[in-house]
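# Summary of the model geometry
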Amino acid sequence: MSEQVRIDKWLWAARFFKTRSLATEAANAGHVQVNDTVIRASRTIRIGDCVRLQRQQEHFVITVTGLAEKRGSASVARTLYEESPASIAARETLQKQRQLNAAPAPEKRPDKRARRQIIRFIRRDD
């Protein structure tokens, strides 16, 4: 195994992105920083580098603990990095906020009578 790997390959192997092309797009869009420097997909990383990653609404601050160019199982991918406790706490609070703000799911589908009432109500506004 080499001592340095392209960041897009590593992000894909560590299972942060489903495909390598998504990892490349994220790196080229500026959503990935290595040691507080915005990088491109061709940048190589080494063990001990600090990676800041933004994926949709989630932010990760991780330290590289292993290198891989090929995608393996999830348990192997988890050994490639170590997430900071502050990053874990921030993601958990964000997840709790999203759960609290989510609209409750309807208890059941409307039956025939309720559907007719809905249709009458909608047509009344026309």
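Look up a bit, the structure's there.
The present account deals with the structure reproduced in this document.

About the thresholds
- Residues numbered from 1 in each chain as written.
- Predicted model: local features only at pLDDT ≥ 70, side-chain atom pairs only at ≥ 80, totals over all residues.
- Heavy atoms only, no water.
- Helix = DSSP H or I, 4+ residues; strand = E, 2+ residues; numbered from the N terminus.
- Rg over C-alpha atoms; globule rule 2.2 N^0.38 Å.
- Contact = heavy atoms within 4.5 Å.
- Areas by Shrake-Rupley, 256 points an atom, 1.4 Å probe, with all protein chains shown as cover.
- Buried < 20%, exposed > 50% of the residue type's maximum accessible area, 1.4 Å probe, protein only.
- Phe/Tyr/Trp six-rings, centres within 6.5 Å; stacked < 30°, edge-to-face > 60°.
- Pairing = 2+ DSSP bridges.
- Salt bridge = Lys/Arg side-chain N within 4 Å of Asp/Glu carboxyl O.

Quick look at the overall build of the protein chain now. Helix and strand counts for the protein chain stand at five helices and seven strands. Secondary structure elements of the protein chain, listed N to C terminal, follow the sequence β-α-α-β-β-β-β-β-α-β-α-α. Relative to the compact-globule value of 14 Å for 126 residues, the protein chain shows a C-alpha radius of gyration of 22 Å, a clear excess of over 25%. When its C-alpha atoms are laid out on the principal axes, the protein chain stretches across 70 × 30 × 30 Å. Here the analysis covers contacts within the protein chain between residues at least 6 apart in sequence; of these, 45% occur between residues at least 24 apart. Element-wise, carbon and sulfur atoms account for 50% of the exposed surface of the protein chain, whose accessible area totals about 9,200 Å².

Turning next to unusual backbone geometry. For R15, which is not a glycine, the phi torsion comes out positive at approximately 65°. Position of R15 among the secondary structure elements: in the loop between α1 (7-13) and α2 (20-28). The class for R15 is partly exposed, based on a relative accessible area of 36%. Even without being a glycine, N35 presents a positive backbone phi close to 50°. Looking at the element boundaries, N35 is found in the loop between β2 (32-34) and β3 (37-38).

Our next topic: the packing of aromatic side chains. Using the criterion set out here, one finds four aromatic pairs in the structure. Members of the aromatic cluster, each reached through a chain of ring pairs, are W10, F16, F60 and Y81.

This paragraph deals with the environment of A77. Mapped onto the elements, A77 comes out in helix α3 (residues 74-78). A sequence separation of 67 residues divides A77 from W10, and the C-alpha atoms of the two residues are 9.5 Å apart. Setting aside residues up to four positions removed in sequence, A77 forms contacts with A13, A14 and R15.

For the rest of this paragraph, the subject is the pairing of strand β5 (residues 50-55). In the case of a regular strand, side chains alternate between the two sheet surfaces. Two strands pair when backbone bridges link them, and β2 and β5 are joined in this way by three bridges, in the antiparallel orientation. Paired with V32 across the strands is L53, a residue of β5. As paired strands, β5 and strand β6 (residues 58-64) are joined by six bridges and run antiparallel to one another. Within the sheet, the bridge partner assigned to R55 lies in β6 and is E58.

It is worth spelling out the pattern of salt bridges at this point. Using the criterion set out here, one finds five salt bridges in the structure. The salt bridge partner of R6 is D8, with a shortest N-O separation of 3.1 Å. Overall, D8 belongs to the buried group, its relative accessible area being 1%. One salt bridge connects D8 with R20, and the closest N-O pair in it is separated by 3.3 Å. Separated by 12 residues along the polypeptide, D8 in helix α1 and R20 in helix α2 bring together distant segments of the chain. A single salt-bridge network, built from bridges that share partners, covers R6, D8 and R20.

Just distances and angles here, no functional claims.
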